[in-house]
Amino acid sequence: MAGTDRLRQITDAVRSAGRAGVAELAALTGASEMTIRRDLEVLAEQGVLERYRGGARSLLLRGEEPPFALRTQEGLDAKRRIAAEVAGLIADGESVVLDSGTTCLEVARALEHRRLTVVPLSLHAVNALAGAAQLTLLVPGGRPRQGELALTGPLTQASLAALRFDTAVIGCCGLTAADGLTAYDLDDAAVKRAAIASSRRVIAVAEAAKLTRTALAFVTAASALDAVVTDETATDEETDRLAAAGVTVRKV
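Just so it is clear, the model here is predicted, and its values are computed rather than measured.

Student: Pulling in residues and values, what's your account of the packing of helix α2 (residues 22-29) against helix α3 (residues 33-45)?
Tutor: The angle between the axes and the distance between the axes are what describe a pair of packed helices. Running from amino to carboxyl end, α2 crosses α3 at an angle of 105°, the nearest separation of the two axes being 9 Å. In terms of orientation, α2 lies roughly perpendicular with respect to α3. Contacts between α2 and α3 involve Val22, Ala23, Leu25, Ala26 and Thr29 from the first element and Glu33, Ile36, Arg37 and Leu40 from the second. Residues of the contact of α2 with α3, tallied by class, amount to 6 nonpolar, 1 polar and 2 charged.

Here it is, written out as structure tokens:
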């Protein structure tokens, strides 16, 4: 099992049970107890859990998003395929507002050498695009969320309200035909809504697992999306429901 997959499995197991022992986690993942102890140290440094002798207890509440650093390498191949597909949907010369999150960070990297105007909504994406020679980079105001570095607050929303975009690329924590596009964080949801309101076209990016989730904060109905780009493991049942809501679904 790859290290990032193992870290996510450990995180999910400890959060589900509240706590777990080293021997239990070693049996679950097939890794040695020494490896599990190192993994627990990594997760403790990221604020995911708290170590105690022989095991760890979760610091993540149900419905909380795992830390950005943990999600960055998770499903990376799928995120890069999604990013490449999104880049192909955007024409040179467009103005693009690019949401925060790890999938949108991969979209930023896929757009780095394009002739576009891009407004990133996270400092991670700003940093990824800062050296792009052909791209016009506009940086909104706002307060960065710790770790996530997503820009939020009234300054961010005012920046978005002052502009009009050809395309919004929006990430999510959950997306279903019934509950729409949702986020874990209320401030993040408000920024997503502002980006959508200022855009002619909305493309949502979501790995397949997110098409079965609903998070706390409602952003918009599925019918407000023009397209959803997801990975090939998404079930036909979920994608057919989105298509029935009028959304173009692309599986890569």
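Student: Can you tell me about helix α6 (residues 102-110), naming the residues and giving the values?
Tutor: With respect to burial, α6 is a largely interior element, 7 of its 9 residues being buried. Considered for burial, the residues of α6 that qualify are Thr102, Thr103, Cys104, Leu105, Glu106, Val107 and Ala108.

Student: Describe the sheet that holds strand β11 (residues 180-183), and please don't skip the residues or the numbers.
Tutor: Read across the sheet, 3 strands follow the order β10-β11-β13 without closing on themselves; strand pairing throughout is antiparallel. Taken across any chain shown, the strands that pair with only one partner, and hence form the sheet edges, are β10 (174-176) and β13 (217-220). Averaged over all neighbouring strand pairs, the angle between strand axes comes to 30°, with direction disregarded. Relative to β11, β10 runs antiparallel, the two being bridged by 3 bridges. Following the sheet pairing, Gly174 is matched in β11 by Thr182.

Student: How would you explain the pattern of salt bridges if you had to name every residue and give the values?
Tutor: Within this structure, the stated rule accounts for 18 salt bridges. In this structure, the salt-bridge partner of Glu94 is Arg201, at a minimum N-O distance of 3.4 Å. Remark: Arg201 occurs in strand β12 (residues 199-205) and Glu94 occurs in the loop between α5 (76-89) and β4 (95-98); sequence separation between them is 107 residues. Asp187 serves as the salt-bridge partner of Arg143, at 3.5 Å between the closest nitrogen and oxygen. Residue Arg143 is found in strand β7 (residues 143-144), and its partner Asp187 is found in helix α9 (residues 186-197); the two are separated by 44 residues along the sequence. A relative accessible area of 48% places Arg143 in the partly exposed class. Judged by relative accessible area, Asp187 falls into the partly exposed class, the value being 38%. Linked by salt bridges that have partners in common, Arg80, Glu106 and Arg109 make up one network.

Student: Any details on the sheet that holds strand β1 (residues 19-21)? Residues and values, ideally.
Tutor: Strands sit in the order β1-β3-β2 across an open sheet of 3 strands; the sheet is antiparallel. The open sheet has two edge strands with one neighbour each: β1 and β2 (49-52). In this sheet, neighbouring strand axes are inclined to one another by 20° on average, regardless of whether the strands run parallel or antiparallel. Judged from the 3 bridges that link them, β1 and strand β3 (residues 55-58) form a sheet pairing that is antiparallel. Bridged to Ala20 within β3 is Ala56. With respect to the sheet, helix α1 (residues 3-17) is in contact with β1 and β3, its orientation differing from that of β3 by roughly 70°. On top of the sheet, α3 reaches β2 and β3; it is set at about 135° to β2, its chief contact.

Student: Before we move on, can you summarise unusual backbone geometry with the specific residues and values?
Tutor: Of note in the backbone geometry, Leu149 takes a positive phi value of approximately 60° without being a glycine. When you line up the elements, Leu149 lands in the loop between β7 and β8 (151-152).

Definitions and limits used
- Residues numbered from 1 in each chain as written.
- Predicted model: local features only at pLDDT ≥ 70, side-chain atom pairs only at ≥ 80, totals over all residues.
- Heavy atoms only, no water.
- Axes fitted to C-alpha atoms, helices over the stretch in contact; angles between N-to-C directions.
- Helix = DSSP H or I, 4+ residues; strand = E, 2+ residues; numbered from the N terminus.
- Parallel < 35°, antiparallel > 145°, perpendicular 65-115°, else oblique.
- Contact = heavy atoms within 4.5 Å.
- Nonpolar A, V, L, I, M, F, W, Y, C, P; charged D, E, K, R; others polar.
- Buried < 20%, exposed > 50% of the residue type's maximum accessible area, 1.4 Å probe, protein only.
- Pairing = 2+ DSSP bridges.
- Salt bridge = Lys/Arg side-chain N within 4 Å of Asp/Glu carboxyl O.

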